[in-house]
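Residue-level listing of the chains:
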Amino acid sequence: MTGGVARSSVTTVRAVDERTSGPQPVAGERRAAVAARPATVPAATARPAGAEPPQARADPLAGLLARAVSRRTLARKEIKNGAATFKVDPYRKHLPDEDGTDTQRQVGVEVGVEYVPPGTFKTAKIAFVQTIKATRGGAPFLLGKMSGRVTDASDGEAGWAVDRVEGRDSPNYGQNNDGTASGTITFGFDKQLSWWGKLWDRSVGDAKMWDYVKITRLAGQAVTCDAVSWAFDETNGTYLGGVSWGFATSGGGTTTLKEPALEAAGGPTGVHKAALERWNAQADLDEAQRNSPHQAKVVVP
Amino acid sequence: VTDDVLAILDRHDPFKVLTDDPALDADAAGELAAIDGAQEQLVGIAGDAGAPPARRYAAAEALLEGRLSDWRSSEDGVRAVAAALAVALQDDSIHNRWGLPGHFAGRLGKQLAALPSGVDEALSPLLDDEAPLVIDGSEGPAISALAGYRIADLAAYLLCRHRGSDWDAPPDTAQRDRFIANLRH
């Protein structure tokens, strides 16, 4: 990671049942996962779906505890940034049952990031701009139009890019081309309600995004992914800090989540700033090379 | 079908390619193009429902590569490629190269949707396929998981692009199924 961790951080962690939060992983990965499944499945994953673990049958309390720390647990992390707070929740591996199996399959992470602004904050829109770098088998992992905006060594580090799906105009993660929020984002804002009004409207202010990185690996391939979710006050054109997260899958197929951390208290610097500049350069290219025909530029701090 | 054509095709399994690059590199395409009668053989393989899907997929990729183009002016040739691509889409290991409904058509999705004939017949059977799409990336997989996109949705999206009609599919899966049902002939 680049950039310095500025003011504050740290944190509370608690266990949450995945059944009660966030969209669930897509089941079954057709050819990639099924055809390449190993002949022998590790004992820990051979249990039929929904079946109780052995210790739960022996002791109900032990079973409850086991479930609390099993694959169904996930961490919620709160990271202070001055008077604001980033919350990372959910944060879990894709297909944890297959962790450690060296097969061809998708690996990745599901992550939710929430930005809770200070109570005095005034803005009509808080969005997220996300920078990301991924590798597979030691080579840059780039999809679609992302190769047209990726940083290189001259930017300080190769492989970083603004994370937007092909066909989308805005650099804001999850924003539709008509400016509305897709299902992966809730824009933050301040309704500028009275003190009394805010007592009744608790939803005011928070910006939330949800991401689900998946990268198909061949057996033996290592995969890495590093990302920073930058909260962005679009009304005032300022960045409100960024949280880093990611994962690494070893050549043996074991995935490790990276500890979420405050990447910077303010705007993107270093290679992240360079990634924003690369996005803007792409917007000036011929239409066929842009992320979308009407690719909009991003604010560079 | 001659052994040399089969040998070249069977060296390449497009289902195992994880990037957006064509399964047959320029050298392989050049080898095929140099074989007398290769184009007719490739069309025959692409249109052969009994041939292994990987071989049909490779044959279609070889024909799309560009050196061989006479098939594009043949109704049978175009239909054979459409059929092979639809089978490939349905059984592919990754769908980014086909597209993400409502967002973009990938390299192969664009080429399939642009074929002048045979696309309706090839994609219609996929409109019942409930298997989830396999999308790599960051925002793309999130969108796909949230919407519950399936082979059926991708086939419908490409069908809309082929017909030049708007993709107005609702986010709700049940409602989207009614939208998809209206696409059937």
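Residues numbered from 1 in each chain as written. Chains lettered and ligands numbered in written order. Predicted model: local features only at pLDDT ≥ 70, side-chain atom pairs only at ≥ 80, totals over all residues. Heavy atoms only, no water.

1. Here we look at the confidence of the model for chain B
Move 1: A residue-level look at chain B finds 99% of positions with pLDDT of 70 or above and a mean pLDDT of 95.
Move 2: In the predicted assembly, ipTM is 0.93 and pTM is 0.83. (pLDDT = per-residue confidence, 0-100.)

2. Quick look at the packing of helix 4 (residues 53–64) of chain B against helix 5 (residues 75–91) of chain B
Residue and element names in this part refer to chain B.
Move 1: Following both chains from N to C, one finds helix 4 and helix 5 inclined at 125 degrees, their axes separated by 9 Å at the closest point. Looking at the two axes, helix 4 sits oblique to helix 5. Viewed along their axes, helix 4 and helix 5 form a crossing whose handedness is left-handed. Along the contact surface, helix 4 presents Pro53, Arg56, Tyr57, Ala60, Leu63 and Leu64, while helix 5 presents Val81, Ala83, Ala84, Leu85, Val87 and Ala88.
Move 2: Grouping the constituent residues of the contact of helix 4 with helix 5 by class yields 11 nonpolar, no polar and one charged. (Axes fitted to C-alpha atoms, helices over the stretch in contact; angles between N-to-C directions. Helix = DSSP H or I, 4+ residues; strand = E, 2+ residues; numbered from the N terminus. Parallel < 35°, antiparallel > 145°, perpendicular 65-115°, else oblique. Left-handed = near helix turned anticlockwise from the far one by under 90°. Contact = heavy atoms within 4.5 Å. Nonpolar A, V, L, I, M, F, W, Y, C, P; charged D, E, K, R; others polar.)

3. With respect to the layout of surface pockets
Move 1: Size it by volume and the second largest pocket reaches roughly 460 Å³.
Move 2: If you go around the second largest pocket, you meet 34 residues; those closest to its centre are Leu143 and Gly144 of chain A together with Asn96, Phe104 and Asp136 of chain B.
Move 3: If you list the elements that add at least two residues to the lining of the second largest pocket, you get strand 4 (126–136) and strand 8 (207–217) of chain A together with strand 2 (104–105), helix 6 (107–114) and helix 8 (139–147) of chain B.
Move 4: Among the elements that line the lining of the second largest pocket, the one with the most residues is strand 4 of chain A, at three residues.
Move 5: For the lining of the second largest pocket, the class distribution of residues is 14 nonpolar, eight polar and 12 charged. (1 Å grid on protein atoms, 1.4 Å probe; cavity = no way out; pocket = protein on both sides within 12 Å on 5 of 7 lines; lining within 4 Å. Points joined across faces, edges and corners; volume = space filled by probe spheres on them.)

4. Overview of the packing of aromatic side chains
All names here are of chain A.
Move 1: Per the counting criterion, the structure on display carries seven aromatic pairs over all chains.
Move 2: Measuring from ring centre to ring centre gives 5.8 Å for Trp210 and Tyr212, while their planes differ by 70 degrees; the resulting arrangement is edge-to-face.
Move 3: Overall, the relative accessible area of 7% leaves Trp210 in the buried class.
Move 4: The exposure class of Tyr212 is buried, given its relative accessible area of 0%.
Move 5: When the centroid spacing of 4.6 Å and the interplanar angle of 40 degrees are considered together, the rings of Phe232 and Tyr239 count as tilted. (Phe/Tyr/Trp six-rings, centres within 6.5 Å; stacked < 30°, edge-to-face > 60°. Buried < 20%, exposed > 50% of the residue type's maximum accessible area, 1.4 Å probe, protein only.)

5. Remarks on the interface of chain A and chain B
Frequently, the measure chosen for interface size is the accessible area removed from exposure when the parts meet.
Move 1: On the chain B side, the residues contacting the 35 residues of chain A number 30 residues.
Move 2: Where chain A abuts chain B, roughly 2,600 Å² becomes buried across the two surfaces, and 56% of that area is made up of carbon and sulfur atoms.
Move 3: For the pair chain A and chain B, the interface holds two salt bridges.
Move 4: Arg164 of chain A is paired through a salt bridge with Glu139 of chain B; the nearest N and O atoms lie 2.8 Å apart.
Move 5: Linking chain A with chain B are 10 residue pairs in polar contact (both at pLDDT 80 or more), by the criterion used here.
Move 6: If you list the elements that add at least two residues to the side of chain A that touches chain B, you get helix 1 (30–35), strand 4 and strand 8 of chain A. (Buried area = accessible area lost by both parts, 1.4 Å probe. Salt bridge = Lys/Arg side-chain N within 4 Å of Asp/Glu carboxyl O. Polar contact = N/O pair within 3.5 Å; in protein donor to acceptor, adjacent residues only side chain to side chain.)

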